[in-house]
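# Structural characterization, general
Chain by chain, the residues run as shown.
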Amino acid sequence: MKVLRVRAVARKEFIHIVRDPRSMGMAVAIPMLLLLLFGYALTLDVDRVPIMVWDQGHSHVSREFISRFSGSKYFSLTGYASSYREVERAINSGRALAALIIPPDFAGSIMAGRPAPVQFIVDGSDANTAAISMGYANAVTQTYSRDIAVADIKQIGGQLLPQPLDLRPRVWFNADMESKNYIIPGLIAVIMMVIAALLTSLTVAREWERGTMEQLISTPVKGHELIFGKLLPYFAIGMFDVLLAVLMGEFLFHVPLRGSVALLFGMAAIFLAGTLSLGMVISIVTKSQLLASQAAMVLTFLPAFLLSGFMYAISNMPKPIQWITHLIPARYFVSLLKGIYLKGVGLEILGGEAVLLFIFAAAMLALANIKFKKKLE
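### Some thoughts on the packing of aromatic side chains
The description of two aromatic rings rests on the distance between their centres and on the angle between their planes. For the coordinates displayed, the defined rule picks out 15 aromatic pairs. Ring centres of Trp-172 and Phe-173 lie 5.9 Å apart, and the angle between their planes is 75°; this geometry places the pair in the edge-to-face category. Taking the centre distance of 4.3 Å and the plane angle of 15° together, the rings of Phe-271 and Phe-333 count as stacked. One end of the pair, Phe-271, is in helix 11 (residues 261-286); the other, Phe-333, is in helix 14 (residues 329-343), with 62 residues separating them in the sequence. Comparing Phe-271 with Phe-333, the two get one shared label, buried. Grouped by ring-pair contacts, the aromatic residues Phe-65, Phe-69, Tyr-74, Phe-75, Phe-106, Phe-120, Tyr-136 and Tyr-144 constitute a single cluster.

### Side note on helix 11
Taking 1.5 Å of rise per residue, the 26 residues of helix 11 would be expected to cover 38 Å, and the 37 Å separating its terminal C-alpha atoms lies within 8% of that figure. Counted residue by residue, helix 11 has 19 buried out of 26 residues, so it is predominantly covered. For helix 11, the capping residue at the N-terminal end is Ser-260, with a side-chain oxygen 3.4 Å from the backbone nitrogen of Ala-262. Directly after helix 11, the chain includes Lys-287, whose backbone phi takes a positive value near 60°.

### Some words on the sheet that holds strand 2 (residues 75-80)
Spatial ordering of the open sheet is given by 2-1-3-4, a layout of four strands whose pairing is mixed. The sheet is open, and its two borders are formed by strand 2 and strand 4 (119-122), each paired with just one other strand. Between one strand axis and the next, the sheet turns through 25° on average, direction left out of account. When strand 3 (residues 98-102) meets strand 4, the two strands line up antiparallel, connected through four bridges. Pairing of Leu-100 across the sheet is with Phe-120, part of strand 4.

### Observations concerning the environment of Val-194
Tracing the chain through its elements places Val-194 in helix 7 (residues 180-201). It is 8.8 Å that separates the C-alpha atoms of Val-194 and Leu-299, two residues lying 105 residues apart in sequence. Sequence-distant contacts of Val-194, defined by excluding residues within four places in its chain, comprise Met-297, Thr-300 and Phe-301.

### Section: a nonpolar patch on the surface
A cluster of nonpolar side chains, namely Val-298, Leu-299, Leu-302, Leu-306 and Tyr-312, defines an oily patch on the protein surface of about 460 Å² accessible area. Within the secondary structure, Leu-302 sits in helix 12 (residues 289-307).

### Quick word on the side chain of Asp-241
Assignment of secondary structure puts Asp-241 in helix 10 (residues 223-251). Contact partners of Asp-241, with chain neighbours within four places excluded, come to Ala-27, Val-28, Pro-31, Met-32 and Met-192.

### Focus: the pattern of salt bridges
Applying the stated criterion to the full structure yields four salt bridges. Glu-225 serves as the salt-bridge partner of Arg-5, at 2.8 Å between the closest nitrogen and oxygen. With Arg-5 in helix 1 (residues 3-19) and Glu-225 in helix 10, this residue pair connects regions lying 220 residues apart in the sequence. Like Glu-225, Arg-5 is buried. Across the salt bridge formed by Lys-230 and Glu-13, the nearest N and O atoms sit 2.7 Å from each other. Placement of Lys-230 in helix 10 and of Glu-13 in helix 1 is noted, with a sequence separation of 217 residues between them. Of the two residues examined, Lys-230 and Glu-13, each falls in the buried class.

Definitions and cut-offs
Residues numbered from 1 in each chain as written. Predicted model: local features only at pLDDT ≥ 70, side-chain atom pairs only at ≥ 80, totals over all residues. Heavy atoms only, no water. Phe/Tyr/Trp six-rings, centres within 6.5 Å; stacked < 30°, edge-to-face > 60°. Helix = DSSP H or I, 4+ residues; strand = E, 2+ residues; numbered from the N terminus. Buried < 20%, exposed > 50% of the residue type's maximum accessible area, 1.4 Å probe, protein only. Expected span 1.5 Å × (residues − 1). Polar contact = N/O pair within 3.5 Å; in protein donor to acceptor, adjacent residues only side chain to side chain. Pairing = 2+ DSSP bridges. Axes fitted to C-alpha atoms, helices over the stretch in contact; angles between N-to-C directions. Contact = heavy atoms within 4.5 Å. Patch = residues over 30% accessible without salt bridge, like charges linked within 9 Å, V, L, I, M, F, W, Y side chains within 5 Å. Areas by Shrake-Rupley, 256 points an atom, 1.4 Å probe, with all protein chains shown as cover. Salt bridge = Lys/Arg side-chain N within 4 Å of Asp/Glu carboxyl O.

So this is what it looks like as structure tokens:
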């Protein structure tokens, strides 16, 4: 391999990228736009659930119980209802996702020490939000019940019995349990895989469509030199995108980076080499820009988004799907990013993922050279 010929091809490709604003937009602007959109819009946190209240008792006891919901950061009181029809209308229109129904004898039951049933209606069309909202409501109700029990015991001069169990939960790595802290690192992997494959999936196909591939074949440039020369500019742009994504995660989304920055960029370089080579293989095989871009989206975005562990835990998937995820390179890069970002671990823990990622990059690069050699013959 001659460096001069590789540099000449890389310079030609870089000039084409600079002169084509669409390529520059796809290379730099789109990854940042996707990170902004997904970073702010994609969240699993359930806060400020809009709730409607139907207080049939209108007593100071029921108002105190309602204040436990309105004063919580997990619920937002949107209004009061006077019938089930109003509750149904509010939930159907989306004005409320849940409703608290307090019976007329609520205060009397509480004052008499009897159980007081309270109804909590949840919109189950969003199962995840409904389940979390029910958990929040159950926690608020249990806290209120405990406070009443403690007040009653103190009033009669009794002694509080010690709890048989003392559970003290502690959350590691994401103490505030904010979904953005693990969504942003995984999002970087998904976006980089899609954009990298899309960028190089058009390179060789564009040469065939414009009729310039025959000229390149007639030059002394060898196949592997042409492959490396075309990959280098996109590799530099991809690493620049990784730098921007890391800076945005640090200063815009305030995601903690506890691990090694050098290890992060090293793994990103290996991942980029593999995804860029994958795009090159697609471009060589299809020889059509339209078909190449469509194939790149199907082979990168859907598997990376659904099967990498970015959004859905792989352990919760059916066994056959779990086996398939081992073929998705984004799975290993997502695991690496989350380990570096949240846990601060290194290759002593993540060595297996790093080796598999390297195998993917080497295999894709070798496949690109093999396929392109066949086209030169």
